[in-house]
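If you want the building blocks of each chain, they are given just below.
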Amino acid sequence: MPGTILVAYVSPKGSTAGIAEAIGDELRLAGYRVDVTELKEVSSLESYQAVIIGGPFYMGKIVGDVKKFVGRFRDALGTLPVAAFAVGVAPVNATPADIEKAREIFHSTLDPVKPVAEALFAGKIDREKLSFVQKWMVEKVKAPIGDFRDWDAIAAWARELPGKFGM
Ligand SMILES: Cc1cc2nc3c(=O)[nH]c(=O)nc-3n(C[C@H](O)[C@H](O)[C@H](O)COP(=O)(O)O)c2cc1C
């Protein structure tokens, strides 16, 4: 009987939550038990055999809950297989240098956790959900507006995880 996998995410505007749910659905289809939960709701990792952590970029950084989660569960995360994904609009039209920079920030956010698998996924910007200041920010950096989530790429990544977790 396969063990339970945790997909823990932070998602200020909801699009990372959609990616976390899609990963959970794909793993359930493969026969695994999966909990999909917000990072800040997680109180223990005891019942999990593997952990997937996800969070979006805002203003050049990954939302702080990811670093807090890594700090809170540093010891347990050192003994479990971990996969991680970051979400941003940067993967849309990104240059190799942009991707490299995003990866560096991603790694330093996760440090000292070394994921067995990682991904940068394109996300979604919904103008309706932005504050006045956020609208101004996305206009200033000419961020692309729309839903760029690639559900096939997300499902394909999820399908590879149990093998990488050794499950
Ligand atoms: C104010 C604002 C700032 C953002 N800054 C970045 C950024 O620095 N880099 C990036 O790749 N994406 C950035 N994004 C895009 C978000 O990462 C993307 O919209 C993501 O899907 C949001 O996830 P959420 O819906 O779970 O909150 C920004 C979006 C907003 C609204």
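Refer to the preceding data block for the structure.
Along each chain, residue indices are assigned from 1 in the same order as the chain's sequence is written. Totals for whole chains, interfaces and linings use every residue, but because this is a predicted model, local features are given only for residues with pLDDT of at least 70 and side-chain atom pairs only at 80 or more, for both listing and counting. Excluding hydrogens and water, the side-chain figures rest on all heavy atoms present in the structure.

Caption draft 1: Spatial organisation of the side chain of Ser 11. Per the convention used, a helix needs a DSSP run of H or I reaching at least four residues, while a strand needs a run of E reaching at least two, with both numbered from the N terminus. Along the chain, the position of Ser 11 falls in the loop between strand S1 (4-9) and helix H1 (15-29). Here a polar contact means two N or O atoms within 3.5 Å. Within protein one must be a hydrogen donor candidate and the other an acceptor candidate, and residues neighboring in sequence count only if both atoms are side-chain atoms. Within polar-contact distance, the side chain of Ser 11 engages the backbone nitrogen of Gly 14 at 3.0 Å. At a separation of 3.4 Å, a polar atom in the side chain of Ser 11 contacts the main-chain amide nitrogen of Ser 15. Here, two residues are considered to be in contact whenever any of their heavy atoms come within 4.5 Å of each other. Leave out the neighbours within four places in its chain, and Ser 11 touches Thr 16 and Ala 17.

Caption draft 2: Structural detail: a nonpolar patch on the surface. Exposure above 30% relative accessible area and no salt bridge define the residues that can form patches, which grow by joining like charges within 9 Å and nonpolar side chains of Val, Leu, Ile, Met, Phe, Trp and Tyr within 5 Å. Computed with the Shrake-Rupley method and a 1.4 Å probe, the accessible areas treat only the protein chains shown as cover for residues. Here, a salt bridge means any side-chain nitrogen of Lys or Arg that lies within 4 Å of a carboxyl oxygen of Asp or Glu. A grouping of Phe 132, Val 133 and Trp 136 is seen on the molecular surface, where their side chains present a nonpolar patch of about 400 Å² in accessible area. Among the structural elements, Trp 136 can be located in helix H5 (residues 132-140).

Caption draft 3: Quick look at the environment of Phe 165. When you line up the elements, Phe 165 lands in helix H6 (residues 151-165). Along the sequence, Phe 165 and Gly 64 sit 101 residues apart, while their C-alpha atoms lie 26 Å from each other. Residues contacting Phe 165, with those up to four places away along its chain left out, are Ile 5, Ala 50, Val 51, Ile 52, Pro 81, Val 82, Ala 83 and Val 116.

Caption draft 4: Molecular detail of H6. The span expected for a helix works out to 1.5 Å for each residue beyond the first. Look at H6: 22 Å from first C-alpha to last across 15 residues, which is about the 21 Å you get at 1.5 Å a residue. In this fold, the buried residues of H6 make contact with S1, H1, strand S3 (48-58), strand S5 (82-88) and strand S6 (117-122). Immediately beyond the C-terminal end of H6, within one or two residues, lies Gly 166, with a positive phi of roughly 70 degrees.

Caption draft 5: Just unusual backbone geometry, in detail. Of note, the bond from Asp 111 into Pro 112 is cis; its omega dihedral lies within 30 degrees of zero at 10 degrees. Among the structural elements, Pro 112 can be located in the loop between helix H4 (96-110) and S6. One non-glycine residue with positive phi stands out, namely Met 59, at about 50 degrees. Looking at where Met 59 falls in the secondary structure, it is placed in the loop between S3 and strand S4 (61-62).

Caption draft 6: Structural context of the site of the ligand. Summary of the distance rule: residues count as near a molecule or strand when at least one heavy atom falls within 4 Å of that molecule or strand. In the vicinity of the ligand there are 21 residues, among which Ser 11, Ser 15, Phe 57, Tyr 58 and Gly 60 approach most closely. At 3.3 Å from an oxygen atom of the ligand is found a main-chain nitrogen or oxygen belonging to Pro 12. Within the side chain of Ser 15, a nitrogen or oxygen atom sits 2.6 Å from an oxygen atom of the ligand. Going through the elements one at a time, H1, S3, S5, strand S7 (124-125) and H5 are the ones with two or more residues in the shell around the ligand. With 3 residues, S3 is the largest single contributor of residues to the shell around the ligand. Grouping the amino acids of the shell around the ligand by side-chain chemistry returns 11 nonpolar, 8 polar and 2 charged. In this classification, Asp, Glu, Lys and Arg are treated as charged, Ala, Val, Leu, Ile, Met, Phe, Trp, Tyr, Cys and Pro as nonpolar, and every other residue, Gly included, as polar.

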